[in-house]
Amino acid sequence: MSTNGRRRDGDDDGSVDGYVDGYVDHHVHFLSSVAASVSVDVSGARNVPGVVECLSGAHVKGWRGGVSGGWIRGWGYDDALLDEARHPTRDDLDRVSAKGRPMVVHHRSGHVAVLNTAALRELGVEEHPDGILYDRHDLLGRVPRLDQATLDAAAAALSRRWAAKRIDGFVDATHTNGPGELDLMARWSRDGVVVQVVKMMVGSAHVDEVPPFGTPLCGAVSVGHVKLMPLPGRTDEVEPEVTKAHDAGFPVAVHVVDVETLQVTLDAFSKSAPPAGSTDRIEHNALCLPEQVEAIARSGARVVVNPSFLHGRRAKYERELSEIERNWLIRIRSLLDAGVEVRAGSDSPVSEANPAEMISCAMAHPFVPEESVDLSTATRLLSW
Ligand SMILES: [Zn+2]
């Protein structure tokens, strides 16, 4: 399938006098989105028994989902949106399948996964107290992978669903991307599995193993920023990681969801500049103090926000944030007015890659109406 007529050169900034012939989703996790698309969807569950019920339906039907070794994979709950406001545990999952099929259920964020007893046993951690694993990519790497044919077919279907929504390009912002993920995306693009223009960010652990920033891996796929994912309480690592990436010739994209991490990131940006001709990025920028707006503008960094979160996480924000904090949430207009370049992404699979939803949410900020933007500005958030 040829899509050349719709493709843009990855280096083109896409600003053809405001004319937009397709959208760019500036922050997605494509492989996770593919995996989510072939998992049991538990995102609609309102409570823990609801999650269990989704999975037991799959169990009874002998659901395969392309996972080898008989594993059942679920995806999409959010503890903050469940009535019990907690993660399901191994005991909850064991009510579906204690001894039989291994089961792994991924949190919507991708940072937490819950395993039943059979799964913990297969991974050699049967003694784990509750089966809730936080960022244990070391253990989850041992879960049998989707077979390649299933993965290819799911990737092709997802790419086409996105194309139908006029998504012509995306940035994959996965902090674990390395040579394997870059090769896979290049093959998918060459084989017509993925039809969008793609920029693949890379993990800081892999800077020495991947081609330089901006290198085309094939016509439509190129090497993107180094993605930094500071763990809570480890913000002291931001500055050395930023400097290291810059020294290696890469601009950085830093995961920022709180004001402290934002400040540490801005301090690091003030001490180290990205390679000439490139721009650092601040991902999410969920909370941003008024005085930090100017500092972002001075840094020259781009900000990539997630307008759909204003809709999908509204109840969570209302519950977890004070009224003052909600005034600092997902700024758009104030950043633009300060001269900051702002773009938008869905963070798929965290929220659906849906340009229409991102645009409508950016036009109607539910907490701070002054942060809303008009249609043409909102559309521009989804251009290169
Ligand atoms: Zn993300």
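Residues numbered from 1 in each chain as written. Predicted model: local features only at pLDDT ≥ 70, side-chain atom pairs only at ≥ 80, totals over all residues. Heavy atoms only, no water.

**Focus: empty space enclosed by the protein**
Inspection of the entire model under this criterion finds 2 cavities of 30 Å³ or more. Listing elements by their share of the lining of the second largest cavity, those giving two or more residues are helix H1 (30–37) and helix H7 (179–190). With 4 residues, the single largest contributor to the lining of the second largest cavity is H7. Here the lining of the second largest cavity is built from residues that sort into 6 nonpolar, 1 polar and 2 charged. (1 Å grid on protein atoms, 1.4 Å probe; cavity = no way out; pocket = protein on both sides within 12 Å on 5 of 7 lines; lining within 4 Å. Points joined across faces, edges and corners; volume = space filled by probe spheres on them. Helix = DSSP H or I, 4+ residues; strand = E, 2+ residues; numbered from the N terminus. Nonpolar A, V, L, I, M, F, W, Y, C, P; charged D, E, K, R; others polar.)

**Describing the nonpolar core**
Here is a general trend for soluble globular proteins: nonpolar side chains tend to be buried in one another's company. Formed by 73 residues in total, the largest nonpolar core has its most connected members in Phe-30, Met-185, Trp-188, Ile-282 and Ile-296. In terms of residue count, the dominant contributor to this core is helix H6 (residues 148–164) (6 residues). Here Phe-30 is in contact with Ala-155, Leu-158, Ser-159, Trp-162, Phe-170, Asp-172, Met-185, Trp-188 and Val-194, once residues within four sequence places are set aside. Tyr-77, Leu-82, Leu-93 and Val-112 belong to the second-largest nonpolar core, a separate cluster that totals 17 residues. (Core = buried A, V, L, I, M, F, W, Y, C linked by side-chain atoms within 4.5 Å. Buried < 20%, exposed > 50% of the residue type's maximum accessible area, 1.4 Å probe, protein only. Contact = heavy atoms within 4.5 Å.)

**So, the sheet that holds strand E6 (residues 132–134)**
Reading across from one edge, E2-E3-E4-E5-E6 is the order of the 5 strands in this open sheet, with mixed pairing throughout. The sheet terminates laterally at strand E2 (40–41) and E6, the two strands that pair on one side only. For strand E3 (residues 72–77) and strand E4 (residues 103–107), the ladder comprises 5 bridges, and the chain directions are parallel. Residue pairing in the sheet places Ile-72 in a bridge with Met-103 of E4. (Pairing = 2+ DSSP bridges.)

**A look at the coordination of the zinc ion**
Around the zinc ion, the protein supplies His-27 (NE2), His-29 (NE2) and Asp-347 (OD) as donor atoms, at distances of 2.1 to 2.2 Å. Along the chain, the residues that donate to the zinc ion are spaced as H-x1-H-x317-D. (Donors = N, O, S within 2.8 Å, 3.2 Å for Na, K, Ca; no water.)

**Some words on the layout of surface pockets**
Roughly 670 Å³ of internal volume is contained in the second largest pocket. For the lining of the second largest pocket, the secondary structure elements donating two or more residues are H1, E3, H6 and helix H11 (309–312). Taken together, the residues of the lining of the second largest pocket sort by class into 12 nonpolar, 11 polar and 9 charged. When residues of the lining of the second largest pocket are assigned to domains, at least three fall in each of domain 1 (23–31 + 168–380) and domain 2 (39–140). (Domains from an automatic or database assignment.)

**Quick look at the confidence of the model for the protein**
Per-residue confidence for the protein gives a mean pLDDT of 90, with 91% of residues at or over 70. The low-confidence segment residues 1–20, where pLDDT is below 50, has 27 contacts with residues more than four positions distant or belonging to other chains. (pLDDT = per-residue confidence, 0-100.)

**Comments concerning unusual backbone geometry**
A cis amide bond links Ser-348 with the next residue in sequence, Pro-349, at an omega value of 10 degrees. Take Pro-349: it is sitting in the loop between strand E14 (342–344) and helix H15 (355–363). Even without a glycine there, the phi angle at Arg-166 is positive, about 65 degrees. Tracing the sequence through the fold places Arg-166 in the loop between H6 and strand E7 (167–172). The partly exposed category is assigned to Arg-166, whose relative accessible area is 35%. Look at Asn-285: it is not a glycine, yet its phi comes out positive at around 45 degrees. Among the structural elements, Asn-285 can be located in the loop between strand E12 (281–284) and helix H10 (290–299).

**Some points on the domain arrangement of the protein**
Domain assignment breaks the protein into domain 1 (23–31 + 168–380) and domain 2 (39–140). The contact between domain 1 and domain 2 buries some 720 Å² in all, and 57% of this surface belongs to carbon and sulfur atoms. Looking only at domain 1, the three residues that lose the most surface to domain 2 are Lys-316, Pro-349 and Val-350, adding up to 48% of its buried area. Between domain 1 and domain 2 we count 1 salt bridge in total. Close ionic contact of Lys-316 with Asp-78 constitutes a salt bridge, the shortest N to O distance being 3.3 Å. For the pair domain 1 and domain 2, the number of links is 3 residue pairs in polar contact (both at pLDDT 80 or more). Ranked by residues supplied to the side of domain 1 that touches domain 2, first place goes to helix H12 (residues 314–320) with 3 residues. A breakdown of the residues in the side of domain 1 that touches domain 2 according to their chemical character gives 4 nonpolar, 3 polar and 3 charged. (Buried area = accessible area lost by both parts, 1.4 Å probe. Salt bridge = Lys/Arg side-chain N within 4 Å of Asp/Glu carboxyl O. Polar contact = N/O pair within 3.5 Å; in protein donor to acceptor, adjacent residues only side chain to side chain.)

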